[in-house]
Amino acid sequence: MTVKDTYEVIIIGGGPAGLAAGLYCKRAAMKTLLFEKGLIGGQIAISKDVENYPGVEGITGFELAEKMIHHARSFDLHVMQQEVSEITAGTDFHSVLLGNGEMLQTVALILALGGSARKLGIPGEAEYLGTGVSYCGTCDGFFFRDKTVVVVGGGDTAVEEALYLSRLAKKVYLVHRRNALRASKILTSRLMNEPQINVIWNTVVTEIKGNGKTVDSVSFENYETGERRALPTDGVFIFIGYAPNNQLIPPAVRINELGFVITDDKCETSVPGIFAAGDLRQKFANQIVVATADGCIAALAAARYVEMRKAGALSS
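Residues numbered from 1 in each chain as written. Predicted model: local features only at pLDDT ≥ 70, side-chain atom pairs only at ≥ 80, totals over all residues. Heavy atoms only, no water.

Trainee: Can you tell me about the overall build of the chain, naming the residues and giving the values?
Mentor: Helix and strand counts for the chain stand at 6 helices and 19 strands. For the chain, the C-alpha atoms occupy an extent of roughly 65 × 40 × 35 Å along the three principal directions. Nonlocal contacts in the chain, meaning residues at least 24 apart in sequence, comprise 59% of its contacts between residues at least 6 apart. Put simply, the chain shows about 15,400 Å² of open surface, and 50% of that area lies on carbon and sulfur atoms. Across the chain, the centroid of the 31 positively charged side chains sits 1 Å from that of the 34 negatively charged ones. (Helix = DSSP H or I, 4+ residues; strand = E, 2+ residues; numbered from the N terminus. Contact = heavy atoms within 4.5 Å. Areas by Shrake-Rupley, 256 points an atom, 1.4 Å probe, with all protein chains shown as cover. Lys, Arg positive; Asp, Glu negative; His and termini not counted. Charge placed at Lys NZ, Arg CZ, Asp CG, Glu CD.)

In structure tokens form, the structure reads like this:
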């Protein structure tokens, strides 16, 4: 296949990690192109409030994403909303095949593909997706005003979304499989002091039921007692973490048992010239500030890799 163009750095993914990488690559005067097939800004663009990004107070996720996009584009970062269908690791260059059939090549490649909401994998989950089952409270909460909803999960996202939904729904049930939440202390305190929210501990949702059109109940099982029961509800919001979007990762790139890409402290993978940043990368915490830091590190390392290749300091 004929290569249409060659770049110094190609970034795949337009979330905080990808945008930060793009900004730093352009500041390093790299010929750079960023691809994002979906919403530019990534997961934060659909988040309601961001309270823990240093130096930025009182901002929504959408507003923060807009600022990141504007900042990156102020350095003339070229962003294309186009799907990438295949990545091939090479020696001199890495190849990127687009969904429209075009082939590009690049010296350095930064993968900032992020993650997708994990599924419970229970009956009714897929059947009622969009008609009662949701993975985004800020997207779909409006449709459950003055209704009863169930939130599944125990981390920061689950608690944040439960608190948001409590301002809309008549009643919110938070179902968690353990006897303590994994969320931060401040969020846990807010949740426990919210009268609209009732926490159901040591329990898993085993089935989502409906009338063929919309959700009308969920089935539970208590881990400790084995008790099973059903709860009438109008909606189920699932926040049990994210799985890495690793479908495009070339086979030579090492991943861990959970599918996250393994990198060194420069965010470089097991393949020279391929870097990973953000929620795709194996690390201790997934936070916006960590993703942007990853993007910075990956971009600086990619720029150094490109310059060393130009100088002949690295063998192909």
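Trainee: So, the nonpolar core: which residues are in play, and what are the values?
Mentor: Judged by nonpolar contacts, the single largest core of 38 residues is most densely connected at Val-9, Leu-64, Ile-110 and Phe-275. Breaking this core down by element, the ones donating at least two residues are strand E1 (3–12), helix H1 (16–27), helix H2 (61–73), strand E8 (103–111) and helix H6 (288–310). With 9 residues, H6 is the single largest residue contributor to this core. (Core = buried A, V, L, I, M, F, W, Y, C linked by side-chain atoms within 4.5 Å. Buried < 20%, exposed > 50% of the residue type's maximum accessible area, 1.4 Å probe, protein only.)

Trainee: Tell me what's going on with the sheet that holds strand E14 (residues 203–210), and back it up with residues and numbers.
Mentor: If you trace the 3 strands from one edge of the open sheet to the other, you get E14-E15-E16, paired in antiparallel fashion. Sheet topology places E14 and strand E16 (228–232) at the edges, where each strand pairs with a single neighbour. Mean inter-strand twist for the sheet, computed between neighbouring axes without regard to direction, equals 25°. Pairing of strand E15 (residues 215–222) with E16 involves 5 bridges; the strand directions are antiparallel. (Pairing = 2+ DSSP bridges. Axes fitted to C-alpha atoms, helices over the stretch in contact; angles between N-to-C directions.)

Trainee: Report on the packing of helix H4 (residues 156–166) against helix H5 (residues 185–192), specifying residues and quantitative values.
Mentor: At their nearest, the axes of H4 and H5 sit 10 Å apart, and the two run at 35° to each other. Considering the relative orientation of H4 and H5, their crossing is left-handed. Counting all contacts with H4, which are made through Asp-156, Val-159, Glu-160, Ala-162 and Leu-163, the residues of H5 involved are Leu-187, Arg-190 and Leu-191. Looking at the contact of H4 with H5 residue by residue, the class counts come to 5 nonpolar, no polar and 3 charged. (Left-handed = near helix turned anticlockwise from the far one by under 90°. Nonpolar A, V, L, I, M, F, W, Y, C, P; charged D, E, K, R; others polar.)

Trainee: If you had to explain the pattern of salt bridges to someone new, which residues and values would you point to?
Mentor: For the coordinates displayed, the defined rule picks out 10 salt bridges. Ionic pairing is found between Glu-51 and Arg-190, a salt bridge with its closest N-O pair at 3.1 Å. Here the residue Glu-51 occupies a position in the loop between strand E3 (49–50) and strand E4 (59–60), and Arg-190 occupies one in helix H5, the gap between them amounting to 139 residues. Each of Glu-8, Glu-307 and Lys-310 takes part in salt bridges that share partners, so that together they form one network. (Salt bridge = Lys/Arg side-chain N within 4 Å of Asp/Glu carboxyl O.)

Trainee: Kindly report on the packing of aromatic side chains, identifying the contributing residues and their values.
Mentor: In this structure the tally under the stated criterion is 3 aromatic pairs. Residues Phe-142 and Phe-143 carry aromatic rings whose centres are separated by 5.8 Å and whose planes lie at 80° to one another, so their mutual orientation is edge-to-face. Look at Phe-275 and Tyr-305: their rings are 6.5 Å apart centre to centre, the planes differ by 75°, and that puts the pair in the edge-to-face class. Placement of Phe-275 in strand E19 (residues 274–276) and of Tyr-305 in helix H6 is noted, with a sequence separation of 30 residues between them. (Phe/Tyr/Trp six-rings, centres within 6.5 Å; stacked < 30°, edge-to-face > 60°.)

Trainee: Can you break down the sheet that holds strand E11 (residues 148–152) residue by residue, with the values?
Mentor: Pairing is parallel in the open sheet, where 5 strands are placed in the order E10-E17-E11-E12-E13. For this open sheet the edge positions go to strand E10 (133–134) and strand E13 (197–200), each flanked by a neighbour on one side alone. Here 4 bridges tie strand E12 (residues 171–175) to E13, and the two strands are oriented parallel to one another. Each residue of the ladder has a partner; that of Val-175, found in E13, is Ile-200.

Trainee: Break down H1 for me, with residues and values.
Mentor: Here H1 is 12 residues long and its end C-alpha atoms lie 17 Å apart, about the 16 Å a rise of 1.5 Å per residue gives. Taken together, the buried positions of H1 are occupied by Pro-16, Ala-17, Gly-18, Leu-19, Ala-20, Ala-21, Gly-22, Leu-23 and Cys-25. Elements in contact with the buried residues of H1: E1, strand E2 (32–35), H2, E8 and H6. One or two steps after H1, the chain reaches Ala-29, where phi turns positive at roughly 65°. (Expected span 1.5 Å × (residues − 1).)

Trainee: How would you summarise the pairing of E12 if you had to cite specific residues and measurements?
Mentor: Residues in a regular strand point their side chains to alternate faces of the sheet. Of all 5 residues that make up E12, 4 are buried, and the element is covered over most of its length. With 5 bridges connecting them, E11 and E12 associate as parallel partners. Along E12, the bridge assignment pairs Val-152 with Val-175. Regarding the hand of the β-α-β motif, the stretch spanning E12, H5 and E13 is right-handed. (Right-handed = clockwise from strand over helix to strand, strands pointing away.)

Trainee: Help me get a handle on unusual backbone geometry, residues and values and all.
Mentor: Glycine aside, residues mostly have negative phi angles, and peptide bonds mostly take the trans form. Backbone geometry at Asp-146 places phi at a positive 65°, although glycine is not the residue there. Owing to a relative accessible area of 57%, Asp-146 belongs among the exposed residues under this scheme. One non-glycine residue, Asn-202, lies in positive phi territory at about 50°. Turning to its location among the elements, Asn-202 is positioned in the loop between E13 and E14.

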